[in-house]
Amino acid sequence: MHIRRHVLTVAAAAGALAVVTAAPAQAAEYSSALKIKGVQYDAPGADSNRCSGGNTKDEYLTIKNYSRTATVDLKGYVIKDATGNKFTFTTTHRLEPGDYVKLRGGRGTNSDAGNVVYRQNCNFIWNNDKDTIYLLKPGGARADVHSYTKSANDRDGNGYITYHG
C-alpha cells in the first residue's frame, strides 16, 4: 500500500508539474498590456512604395494598451514580420490605458496627440498574401504574435484584419 501511494503521489506531482509548466508558455506570449488590435496589411489601391505619392502610409498596424491602469512606453518595443523586417520604437511614446497608436509606413511626423508613429521607410512591411506579425517587448520577449493569410483571415477582402477588439 505504501508503494502504491508513493507512485500515485509522484504521478500526481508530475501531472501538476506538467500543468504548471504548460501554462506559462501560453501566458508568456500574451503577458503584455500591449496587443495588436489590427493590421491594414494591404494598403488600398495599387501598391506603390514611392516616398512621394506612394501609398505605404496606408499600410498600418494598430497597437493598443489593454491595461485599465498602467501607462506603457513603447520605447524599445519591436515590430517584426516573418522574414525579419523590423521597426523599433526608438523614442518615448506613451500609451495611456485604453489608448492606441497606428504604426504607419512611409514618412511623416510622429504625434502622441494624433496616435501615429511613422516607420520613416517607404517600403511595405506586410505581405499581401500571408505573414506573421510579432510585437516584442524591449527585452525581446513576445508581447503578441499573429499570423494571417489573405484567404483565411480577410473574408471581406478589404486588406484589414482585427485581432483584439
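Above this text sits the structure in question.
Thresholds, definitions, all that
By convention here, each chain's residues receive numbers from 1 onward along its written sequence. With pLDDT at 70 or above as the cut-off, local features in this predicted model cover only qualifying residues; side-chain atom pairs require 80 or more to be listed or tallied, and sums for whole chains, interfaces and linings still use all residues. Neither water nor hydrogens contribute to the side-chain values; these are computed over all heavy atoms in the structure. Numbering of helices and strands runs from the N terminus; a helix is a DSSP stretch of H or I covering at least four residues, while a strand is a stretch of E covering at least two. Burial status follows relative accessibility: with a 1.4 Å probe on protein chains alone, a residue under 20% of its type maximum counts as buried, one over 50% as exposed, and anything between as partly exposed. The contact criterion used throughout is that any non-hydrogen atoms of two residues lie within 4.5 Å. For this document, the term salt bridge refers to a Lys or Arg side-chain nitrogen within 4 Å of an Asp or Glu carboxyl oxygen. Residues scored as positive are Lys and Arg, those scored as negative are Asp and Glu, and His as well as the terminal groups of each chain are ignored. Whenever two N or O atoms come within 3.5 Å, that pair is a polar contact, provided that in protein one can donate a hydrogen and the other can accept it, and provided that, for residues adjacent in sequence, both atoms are side-chain atoms. Pairs were defined over the aromatic rings of Phe, Tyr and Trp, the Trp ring being its six-membered one, requiring ring centres within 6.5 Å. Orientation was assigned from the angle between planes: stacked under 30 degrees, edge-to-face over 60, tilted for the rest. Cation placement over rings: the criterion is NZ of Lys or CZ of Arg within 6 Å of the ring centroid and within 35° of the ring normal. As defined here, a cavity is a set of points on a 1 Å grid over the protein atoms alone where a 1.4 Å probe fits but cannot get out. A pocket is an open set with protein on both sides within 12 Å along at least five of seven lines, and residues line them when an atom is within 4 Å of a point. Grid points are joined across faces, edges and corners, and a volume is the space filled by probe spheres set on the points. Residues are grouped as follows: Ala, Val, Leu, Ile, Met, Phe, Trp, Tyr, Cys and Pro are nonpolar; Asp, Glu, Lys and Arg are charged; all remaining types, including Gly, are polar. Our working definition of a disulfide is a cysteine sulfur pair at a distance within 2.5 Å.

Trainee: What's the story with the overall build of the protein chain in this structure? I'm lost.
Mentor: Secondary structure summary: the protein chain contains two helices and eleven strands in total. Listing every helix and strand of the protein chain by position from the N terminus yields α-β-β-β-β-β-β-β-β-β-β-α-β. A burial count over the protein chain gives 38% of its 165 residues as buried. Within the protein chain, counting contacts between residues at least 6 apart in sequence, those at least 24 apart form 58% of the total.

Trainee: When you look at the pattern of salt bridges in this model, what are you seeing that I'm missing?
Mentor: Side chains that differ in charge, positive against negative, can pair when their charged atoms come close. One pass over the structure, following the stated rule, counts three salt bridges. Between Asp-42 and Lys-150 there is a salt bridge, with its nearest N and O atoms 3.7 Å apart. With Asp-42 in the loop between strand 1 (34–40) and strand 2 (60–65) and Lys-150 in helix 2 (residues 150–153), this residue pair connects regions lying 108 residues apart in the sequence.

Trainee: Would you take a moment to explain the side chain of Asp-144 for this structure?
Mentor: Looking at where Asp-144 falls in the secondary structure, it is placed in strand 10 (residues 142–149). Although buried, Asp-144 forms no salt bridge, and the nearest oppositely charged side chain, Lys-35, lies 5.8 Å from it. Looking at Asp-144, its side chain comes within polar contact range of the side chain of His-164, at 3.1 Å.

Trainee: I keep staring at unusual backbone geometry and nothing clicks. Help me out?
Mentor: Negative phi characterises most residues that are not glycine, and trans characterises most peptide bonds. The backbone of Asn-115 shows a phi angle near 55 degrees, a positive value even though the residue is not glycine. Relative to the elements of secondary structure, Asn-115 occurs in the loop between strand 7 (100–104) and strand 8 (116–118). Residues other than glycine seldom take positive phi values, yet Gln-120 does so here, at roughly 55 degrees. Examined against the element boundaries, Gln-120 turns out to sit in the loop between strand 8 and strand 9 (130–136).

Trainee: Please clarify how the packing of aromatic side chains should be interpreted in this entry.
Mentor: What describes a pair of aromatic rings is the distance from one ring centre to the other and the angle between the planes of the rings. Tallied over the full model, the rule gives three aromatic pairs. Seen in terms of ring centroids, Tyr-60 and Tyr-160 are 6.2 Å apart; in terms of plane orientation they differ by 40 degrees. Their pairing is tilted. You can see Tyr-60 sitting in strand 2 and its partner Tyr-160 sitting in strand 11 (residues 160–162), a full 100 residues away along the chain. Judged by centre distance (5.0 Å) and plane angle (85 degrees), the ring pair of Phe-87 and Phe-89 falls under edge-to-face. Comparing Phe-87 with Phe-89 shows no difference in burial state: the two are buried. When the ring centre of Tyr-134 is taken as origin, the NZ or CZ atom of Lys-80, which lies over that ring, is 5.4 Å away.

Trainee: I keep staring at empty space enclosed by the protein and nothing clicks. Help me out?
Mentor: One water molecule sets the probe size; rolling that probe over the atoms shows where empty space is left. In this structure the tally under the stated criterion is one cavity of 30 Å³ or more. Considering only enclosed or pocket space, the largest cavity measures out at about 30 Å³ in volume. If you go around the largest cavity, the residues you meet are Glu-59, Tyr-60, Leu-61, Ile-79, Leu-103, Arg-119, Ile-125 and Trp-126. Here the residues of the lining of the largest cavity sort into six nonpolar, no polar and two charged.

Trainee: I would appreciate a short explanation of the state of the cysteines in the present structure.
Mentor: Think of a disulfide as a covalent bridge from one cysteine sulfur atom to another cysteine sulfur atom. For the structure on display, the rule yields one disulfide. Paired through a disulfide, Cys-51 and Cys-122 show a sulfur-sulfur distance of 2.1 Å. Disulfide Cys-51-Cys-122: the torsion about the S-S bond is 120 degrees, which places it as right-handed. Linking Cys-51 in the loop between strand 1 and strand 2 with Cys-122 in the loop between strand 8 and strand 9, this pair joins segments that are 71 residues apart in sequence.

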